[in-house]
Amino acid sequence: MCEYPSFRFGKPRFDQNTFLGRFRHFLDVIDPRTLFVTERQLQECIDLLNLFKQGTLPPGVTHAQLWQAQKIKQAIVHPDTGERIPMPFRMSGFIPFGTPVVVGLLLPNQTLLSTIFWQWLNQSHNACVNYCNRNASQPAPVSKFIQGYLGAVTSAVSIAVGLNVLLQKARRFRPTTRLLVQRFIPFPAVASANVCNVVLMRHSELSEGISVLDNQGDVVGTSRIAARHALLETALTRVVLPMPILVLPPMIMAVLEKLPLLQRRRWLVLPVHSLVCLAAFSLALPLAISLFPQMSKISVTDLEPEIAMATNCKIVTYNKGL
């Protein structure tokens, strides 16, 4: 397959119907190199794409240059508002700016205050990323985002603190076992907070429905049944996404800390821990996101009768969201 196919404005470079295509697409989305693009370089990319839309491209411009220009613009400029996304809240900045938070979440021997702080910081960072990359094609009240944020923070902190308290009272565990179990507490706390955020932010879709599309990409109607499927799929995605990031590092560190080198030089534990978290974050995030296609398919016979009457297609699609 050609490395750079013919350029399509506003479309992904890679096939989104395959896992490999989605994986390569998300590697582009989270590429941290776009954080170092200057304002002048960004403006050159925007100008090049405008020339393409106007059909006035200068001779010699390649498909590779156009794909690169679109990648840079999409990484920095919000598609709906046209505003620059702050660097810490871009998808390309999610790993560099999120890794210190993951390291903090997985630190051993957490106190009550440190548990609350790191869970709050993680949900605050997630909320800012979600808001700055939101779908702004339709106006949404800021109160909805605040409601989702407060629900996520409350859920994450409550579960993390509650599990830590229960763990401290569990006298059957040896100190080493208690320490190991404690390292896995961030995952259920973060996963439950993610689900809570989805429910609070999108519960209105259950009554209003979401658009379903035919095989030409045209809207054939609005379905509450599809909305229920989309909400369940998104909640499942939000549970799976943090799993490799918050589960793999504790398992790896439990092995590495037994090595003679780290036994002798305890000061190396934190740097090694940080590197393990960075590696897990960098590799696992695009893999986890790529597992689920953005557009889901459903049979029209499983939807409302009016949807079946509005199209001859047997299968329709809907955007499940992230």
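Note that the structure is predicted; figures quoted are calculated from it, not measured.

## Concerning the overall build of the protein chain
Next, step 1: Summing up its helical and strand segments, the protein chain has 14 helices and four strands in all.
Next, step 2: C-alpha atoms of the protein chain, sized along the principal axes, occupy 65 × 55 × 40 Å.
Next, step 3: Within the span of the protein chain, comprising 322 residues, buried residues form 43% of the whole.
Next, step 4: Restricting the contact set of the protein chain to residue pairs at least 6 apart, pairs at least 24 apart contribute 69%.
Next, step 5: Of the roughly 17,800 Å² of accessible surface on the protein chain, 65% is carried by carbon and sulfur atoms.
Next, step 6: Between the mean site of the 31 positive side-chain charges and the mean site of the 18 negative ones, the protein chain shows a separation of 14 Å.

## Here we look at the state of the cysteines
Joining two cysteines, a disulfide is a covalent bond between their sulfur atoms.
Next, step 1: On inspection of all chains with the given rule, the structure shows zero disulfides.
Next, step 2: We note that Cys 196 lacks a disulfide partner, and the nearest cysteine sulfur, in Cys 128, lies 17 Å from it.

## Notes on the side chain of Glu 304
Next, step 1: Residue placement: Glu 304 occurs in the loop between β3 (295-299) and α14 (305-310).
Next, step 2: The side chain of Glu 304 is buried and forms no salt bridge, while Arg 224, the nearest opposite charge, is found at 4.8 Å.
Next, step 3: Only 3.2 Å separates the side chain of Glu 304 from the backbone nitrogen of Ile 225, close enough to count as a polar contact.
Next, step 4: Leave out the neighbours within four places in its chain, and Glu 304 touches Ser 223, Arg 224 and Ile 225.

## Let's talk about the packing of aromatic side chains
Next, step 1: In the structure shown here, the tally under the stated rule is seven aromatic pairs.
Next, step 2: On the basis of an interplanar angle of 90 degrees and a centroid distance of 5.0 Å, the ring pair of Tyr 131 and Phe 145 is categorised as edge-to-face. Highlighted residues: Tyr 131 in helix α5 (residues 112-132) and Phe 145 in helix α6 (residues 142-169), separated in sequence by 14 residues.
Next, step 3: Tyr 131 gets classed as partly exposed once you look at its relative accessible area, which sits at 31%.
Next, step 4: By way of ring pairs, the aromatic residues Phe 7, Phe 52 and Trp 67 are connected into one cluster.

## Focus on the nonpolar core
Next, step 1: Counting 24 residues, the largest nonpolar core has Val 102, Leu 105, Ile 245, Leu 246, Phe 281 and Leu 285 as its most contacted members.
Next, step 2: Breaking this core down by element, the ones donating at least two residues are α4 (94-105), α5, α8 (186-202), α11 (242-256) and α13 (269-290).
Next, step 3: Excluding its chain neighbours within four sequence positions, the residues that come into contact with Leu 105 are Gln 110, Trp 118, Gln 119, Asn 122, Pro 186, Val 190 and Leu 246.
Next, step 4: Counting 14 residues, the second-largest nonpolar core is a separate cluster that includes Leu 42, Leu 49, Leu 66 and Ile 72.

## Let's talk about the domain arrangement of the protein chain
By a frequent convention, interface size equals the accessible area lost on bringing the separate parts together.
Next, step 1: Examined at the domain level, the protein chain breaks down into domain 1 (19-77) and domain 2 (91-208 + 217-319).
Next, step 2: Facing 12 residues of domain 1, the contacting portion of domain 2 comprises 14 residues.
Next, step 3: Sorting the residues of domain 1 by area buried against domain 2 places Arg 22, Phe 26 and Ile 30 first, and these three jointly supply 48% of that buried surface.
Next, step 4: If you look at where domain 1 meets domain 2, you find zero salt bridges.
Next, step 5: Grouping the constituent residues of the side of domain 1 that touches domain 2 by class yields nine nonpolar, one polar and two charged.

## As for the side chain of Thr 317
Next, step 1: The residue Thr 317 is located in strand β4 (residues 315-319) in this model.
Next, step 2: On the accessibility criterion, Thr 317 (18% relative accessible area) is buried.

## Let's talk about the pattern of salt bridges
Next, step 1: Within the structure shown, the criterion is met by seven salt bridges.
Next, step 2: A salt bridge links Asp 28 to Arg 13; the nearest nitrogen and oxygen atoms lie 3.8 Å apart. Of this pair, Asp 28 sits in helix α1 (residues 19-29) while Arg 13 sits in the segment before α1, and the two are 15 residues apart along the sequence.
Next, step 3: Overall, the relative accessible area of 22% leaves Asp 28 in the partly exposed class.

## Quick word on the UniProt feature "transmembrane region" (unreviewed entry) in the protein chain
Next, step 1: Within the UniProt annotation, "transmembrane region" (unreviewed entry) is assigned to residues 94-121, 146-167, 179-200, 239-256 and 268-292.
Next, step 2: The distance from the first to the last C-alpha atom of residues 94-121 is 14 Å, and the span holds 79% helix and 0% strand.

## Let's talk about empty space enclosed by the protein
Next, step 1: Applying the stated criterion across every chain, the model contains one cavity of 30 Å³ or more.
Next, step 2: In terms of lining, the largest cavity is formed by 14 residues, of which the most central are Leu 105, Gln 110, Asn 164, Gln 182 and Pro 186.
Next, step 3: At three residues, α5 tops the list of elements feeding residues into the lining of the largest cavity.
Next, step 4: For the lining of the largest cavity, a count of residues per class yields eight nonpolar, five polar and one charged.

## Digging into the packing of α4 against α13
Next, step 1: Following both chains from N to C, one finds α4 and α13 inclined at 130 degrees, their axes separated by 9 Å at the closest point. Here α4 lies oblique to α13, going by the angle between them. In this structure, α4 meets α13 at a crossing whose hand is right-handed. Contacts between α4 and α13 involve Phe 94, Ile 95, Gly 98, Thr 99, Val 102 and Val 103 from the former and Leu 270, His 273, Ser 274, Cys 277, Leu 278, Phe 281, Ser 282 and Leu 285 from the latter.
Next, step 2: Residue composition of the contact of α4 with α13, by class: nine nonpolar, five polar and no charged.

Reading guide: rules and limits
Residues numbered from 1 in each chain as written. Predicted model: local features only at pLDDT ≥ 70, side-chain atom pairs only at ≥ 80, totals over all residues. Heavy atoms only, no water. Helix = DSSP H or I, 4+ residues; strand = E, 2+ residues; numbered from the N terminus. Buried < 20%, exposed > 50% of the residue type's maximum accessible area, 1.4 Å probe, protein only. Contact = heavy atoms within 4.5 Å. Areas by Shrake-Rupley, 256 points an atom, 1.4 Å probe, with all protein chains shown as cover. Lys, Arg positive; Asp, Glu negative; His and termini not counted. Charge placed at Lys NZ, Arg CZ, Asp CG, Glu CD. Disulfide = S-S within 2.5 Å. Salt bridge = Lys/Arg side-chain N within 4 Å of Asp/Glu carboxyl O. Polar contact = N/O pair within 3.5 Å; in protein donor to acceptor, adjacent residues only side chain to side chain. Phe/Tyr/Trp six-rings, centres within 6.5 Å; stacked < 30°, edge-to-face > 60°. Core = buried A, V, L, I, M, F, W, Y, C linked by side-chain atoms within 4.5 Å. Domains from an automatic or database assignment. Buried area = accessible area lost by both parts, 1.4 Å probe. Nonpolar A, V, L, I, M, F, W, Y, C, P; charged D, E, K, R; others polar. UniProt positions renumbered as here; feature names shortened; annotations may be inferred. 1 Å grid on protein atoms, 1.4 Å probe; cavity = no way out; pocket = protein on both sides within 12 Å on 5 of 7 lines; lining within 4 Å. Points joined across faces, edges and corners; volume = space filled by probe spheres on them. Axes fitted to C-alpha atoms, helices over the stretch in contact; angles between N-to-C directions. Parallel < 35°, antiparallel > 145°, perpendicular 65-115°, else oblique. Left-handed = near helix turned anticlockwise from the far one by under 90°.

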